Amino acid sequence: MTAVQRDSTLGTVHLVGGGPGAWDLITVRGMRALQRADVILTDHLGPVGELDMLCDASAKEIIDVAKLPYERQTSQERINELLVEHARRGQEVVRLKGGDPYVFGRGFEEYEYCLRHGIPCEVVPGVTSAVSVPALAGVPLTQRGMVHSFHVVSGHLPPGDPRSEVNWPALARSGGTIVVIMGVRQAGAIAHALIDAALAPATPCVIVQEGSTESQRVVRCDLGGLAEAMRDNDVRSPAVYVIGEVAGLSADQPWG
């Protein structure tokens, strides 16, 4: 069998998880990919504002392809096209995404598109905000003797929306910690759905806005007061919230 030779005129696409926001929470492999890049396609999350800490950003072509919630959007189709266009010019391309490329990041769609068009593609995993942001706020998603599972769900669609693939009643009965990302706007509807499915209104909750950054804020409440806490504290995206008994733990209130 003859080995398939890679086209030496092609560049490579690197799907890099940038982590939850702080520049020094990216992986070493991700940083090195940024340093080698000719072109960087950025989201609005991850270490976008601190690229100079990771590479010589002035020597790179930076393309903003952010999808802002309920605001300006760059279509996924156009992002895919840009990755291939630049790689076909022989450029090293980094698609810098917040968190991890494969956790609600559409990374696999971009990976598959590149391969279908003959472009080499590397995935560089990142630190997902679903786990790291609660940890930075002092909340363990699992705790020995308290809970043995956790569930990460996207909250961008309300319960009952025919497009939603989240089984909220099953989550309410699971006994595990529930972590919601992209769910600020739907917090009230999510809380109602969980309570209707028999999760106690007194279940502890923690909301973390802009986790890992200098603007990080932590708000504690219970499930019944989740929507009110969001409103009264003017919580905005990006924010992660945790629902479950572990949300009642904190460093100043030791457990056990």
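The structure presented is a predicted model; accordingly, all values stated were derived computationally and were not measured.

*Asks:* Can you help me understand the overall build of the protein chain in this one?
*Replies:* On a plain count of helices and strands, the protein chain comes out with seven helices and ten strands. On C-alpha atoms alone, the protein chain measures out to a radius of gyration of 20 Å, which is about the 18 Å that the 2.2 N^0.38 rule sets for 256 residues. Across its three principal axes, the protein chain shows a C-alpha extent of roughly 60 × 40 × 40 Å. When the 256 residues of the protein chain are sorted by exposure, 48% land in the buried category. For the protein chain, restricting intrachain contacts to residue pairs at least 6 apart in sequence, the fraction spanning at least 24 positions comes to 68%. Accessible surface for the protein chain amounts to roughly 13,000 Å². Of this, 51% is attributable to carbon and sulfur atoms. Averaged over its 22 positive side-chain charges, the protein chain has a centre that lies 3 Å from the centre of its 30 negative ones.

*Asks:* Just checking my understanding: could you explain the sheet that holds strand β10 (residues 239-243) for this structure?
*Replies:* The strands making up a sheet associate through backbone hydrogen bonding, with each pair oriented either parallel or antiparallel. Strand order in this open sheet of five strands is β6-β7-β10-β8-β9, and the pairing throughout is mixed. Looking at which strands have only one partner, the edges of the open sheet turn out to be β6 (150-154) and β9 (217-222). In this sheet, neighbouring strand axes are inclined to one another by 20 degrees on average, regardless of whether the strands run parallel or antiparallel. With six bridges joining them, strand β8 (residues 204-209) and β9 adopt antiparallel strand pairing. Residue pairing across strands places P204 opposite D222, the latter belonging to β9. The sheet strands contacting helix α4 (residues 129-136) are β6, β7 (177-181), β8 and β10, and the helix crosses β10 at an angle near 80 degrees.

*Asks:* For this particular structure, what's the right way to read the layout of surface pockets?
*Replies:* Rolled over the atoms, a probe with the dimensions of a water molecule shows which regions are left empty. Computed from the structure, the second largest pocket encloses a volume of approximately 180 Å³. For the lining of the second largest pocket, the residue count by class is eight nonpolar, five polar and one charged.

*Asks:* Looking at this structure, how should I read the sheet that holds strand β2 (residues 39-42)?
*Replies:* Read across the open sheet, the five strands follow the order β3-β2-β4-β1-β5; overall the sheet is parallel. Both outer strands of the open sheet, β3 (61-64) and β5 (121-124), are each paired with one neighbouring strand and no more. The average undirected angle you get between the axes of adjacent strands in this sheet is 20 degrees. Two elements, strand β1 (residues 13-17) and β5, share four bridges in a ladder whose sense is parallel. Residue pairing for β5: L15 is matched across the bridge by V123. Seen against the sheet, helix α2 (residues 76-88) touches β1, β2, β3 and β4 (93-97) and runs at an angle of roughly 150 degrees to β4.

*Asks:* Please clarify how the side chain of S212 should be interpreted in this entry.
*Replies:* Positionally, S212 belongs in the loop between β8 and β9. The exposure class of S212 is buried, given its relative accessible area of 16%. For S212, the side chain forms a polar contact with the main-chain nitrogen of G21, separated by 3.5 Å. Separated by 3.0 Å, the side chain of S212 and the backbone nitrogen of A22 make a polar contact.

*Asks:* Help me out: how do you make sense of the confidence of the model for the protein chain in this one?
*Replies:* Per-residue pLDDT for the protein chain has a mean of 93; in total, 93% of the residues score no lower than 70. Here residues 1-5 scores under 50 on pLDDT; set against residues more than four positions off or in separate chains, the count is zero contacts.

*Asks:* Just to check I follow, could you spell out the packing of aromatic side chains for this structure?
*Replies:* The geometry of two aromatic rings is summed up by the distance between their centres and the angle between their planes. By the definition in use, this model includes two aromatic pairs. Put simply, the rings of Y102, F108 and Y111 touch in pairs and so form one group of aromatic residues.

About the cut-offs
Residues numbered from 1 in each chain as written. Predicted model: local features only at pLDDT ≥ 70, side-chain atom pairs only at ≥ 80, totals over all residues. Heavy atoms only, no water. Helix = DSSP H or I, 4+ residues; strand = E, 2+ residues; numbered from the N terminus. Rg over C-alpha atoms; globule rule 2.2 N^0.38 Å. Buried < 20%, exposed > 50% of the residue type's maximum accessible area, 1.4 Å probe, protein only. Contact = heavy atoms within 4.5 Å. Areas by Shrake-Rupley, 256 points an atom, 1.4 Å probe, with all protein chains shown as cover. Lys, Arg positive; Asp, Glu negative; His and termini not counted. Charge placed at Lys NZ, Arg CZ, Asp CG, Glu CD. Pairing = 2+ DSSP bridges. Axes fitted to C-alpha atoms, helices over the stretch in contact; angles between N-to-C directions. 1 Å grid on protein atoms, 1.4 Å probe; cavity = no way out; pocket = protein on both sides within 12 Å on 5 of 7 lines; lining within 4 Å. Points joined across faces, edges and corners; volume = space filled by probe spheres on them. Nonpolar A, V, L, I, M, F, W, Y, C, P; charged D, E, K, R; others polar. Polar contact = N/O pair within 3.5 Å; in protein donor to acceptor, adjacent residues only side chain to side chain. pLDDT = per-residue confidence, 0-100. Phe/Tyr/Trp six-rings, centres within 6.5 Å; stacked < 30°, edge-to-face > 60°.

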